[in-house]
Amino acid sequence: MNAIIIAAGSGKRISDDVKNIPKSMVKINGKPIIEHQLSVLHKAGINQIVVITGPYSEKFNVKNVTYVKDECYEKHDILGSLMQGKKYFEKDTLILYSDIIFELKIIEKILGSKKDISIAVDMNWEENYVGRTEHPKSEAENVELDNNEEIIKIKKNIQNTKNNVGEFLGIIKFRNNGTELFVKKYEELIKKNSGLFHEAPSILKAYVTDMIQELIDSNIKIEPILISGKWCEIDTMQDLKNAEKIFFP
């Protein structure tokens, strides 16, 4: 199995001090976010790692990874950045956002999935937003599950539903035909889609969650992996300080 980290974003929302470095190189307790991620991935036995970079790519100094520079990062959003590394997709591939840290048992739970496409979902997500004034829960990438615990919707700020709602961690696992299904659908869409694409103005400006929703709407099953344990998204200085308290008390 290999892992692909989408690290084409910068830390401009965190503070002016880090606005000109890759977000994944922002330090938590003296160590960049990406090194926290790599440490857990290595413990889980994943050593083939691809990092997709964007602006300030020259500031990455992590060794023993394969770098793919997204030369077109200004023309597309995170989905487009991910697809710059599609040649590295394997039958067993883990996709990760670059601004999350997590404990080992979460990755181990995700690796246990046997489905073609799985995504990590936290059903206790709301407690993570208590006191999180700089990043309110309305910004969460939510996942709506029906009574059979099947995903029917993924988007930001799902409200007014009687179904259970969780939060997408930003981790996807592909297995067997999963990567082939994902890439084939994307390539079909990029050729013909010219207007709105789910929550995005176009396929070029789409998030990964827009693509997941497209697969769901195309009757391709996306398996929710219901996780428990410590994890944090680092999007603001408040998030960074919170992560230091959770992981390094």
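Residues numbered from 1 in each chain as written. Predicted model: local features only at pLDDT ≥ 70, side-chain atom pairs only at ≥ 80, totals over all residues. Heavy atoms only, no water.

J.: Where do I start with the packing of helix α4 (residues 178-192) against helix α5 (residues 208-217) in this structure?
T.: Geometry of a packed helix pair, given as the angle between the helix axes and the separation of the axes. Orientation of α4 relative to α5, taken along the N-to-C sense of each, is 100 degrees, at an axis distance of 11 Å. Put simply, α4 runs roughly perpendicular to α5. Taken together, the residues of α5 that come into contact with α4 (itself represented by L181, F182, K185, Y186 and L189) are M211, E214 and L215. Partitioning the contact of α4 with α5 into residue classes produces 6 nonpolar, no polar and 2 charged. (Axes fitted to C-alpha atoms, helices over the stretch in contact; angles between N-to-C directions. Helix = DSSP H or I, 4+ residues; strand = E, 2+ residues; numbered from the N terminus. Parallel < 35°, antiparallel > 145°, perpendicular 65-115°, else oblique. Contact = heavy atoms within 4.5 Å. Nonpolar A, V, L, I, M, F, W, Y, C, P; charged D, E, K, R; others polar.)

J.: Can you walk me through the nonpolar core in this structure?
T.: Across soluble globular proteins, nonpolar side chains have a tendency to be buried as a group. Of all hydrophobic cores here, the largest spans 64 residues; its most connected members are I119 and I171. Formed by 11 residues, the second largest nonpolar core is a distinct cluster that contains V18, V26, I101 and I234. (Core = buried A, V, L, I, M, F, W, Y, C linked by side-chain atoms within 4.5 Å. Buried < 20%, exposed > 50% of the residue type's maximum accessible area, 1.4 Å probe, protein only.)

J.: It is not clear to me how the pattern of salt bridges should be interpreted in this structure. Could you clarify?
T.: Any two side chains of opposite charge can pair if their charged atoms end up close together. Per the stated rule, a full pass over the model turns up 10 salt bridges. Between E223 and K221 there is a salt bridge; the shortest N-O distance is 4.0 Å. Among the charged side chains, a salt-bridge network with shared partners connects K23, D99 and D235. (Salt bridge = Lys/Arg side-chain N within 4 Å of Asp/Glu carboxyl O.)

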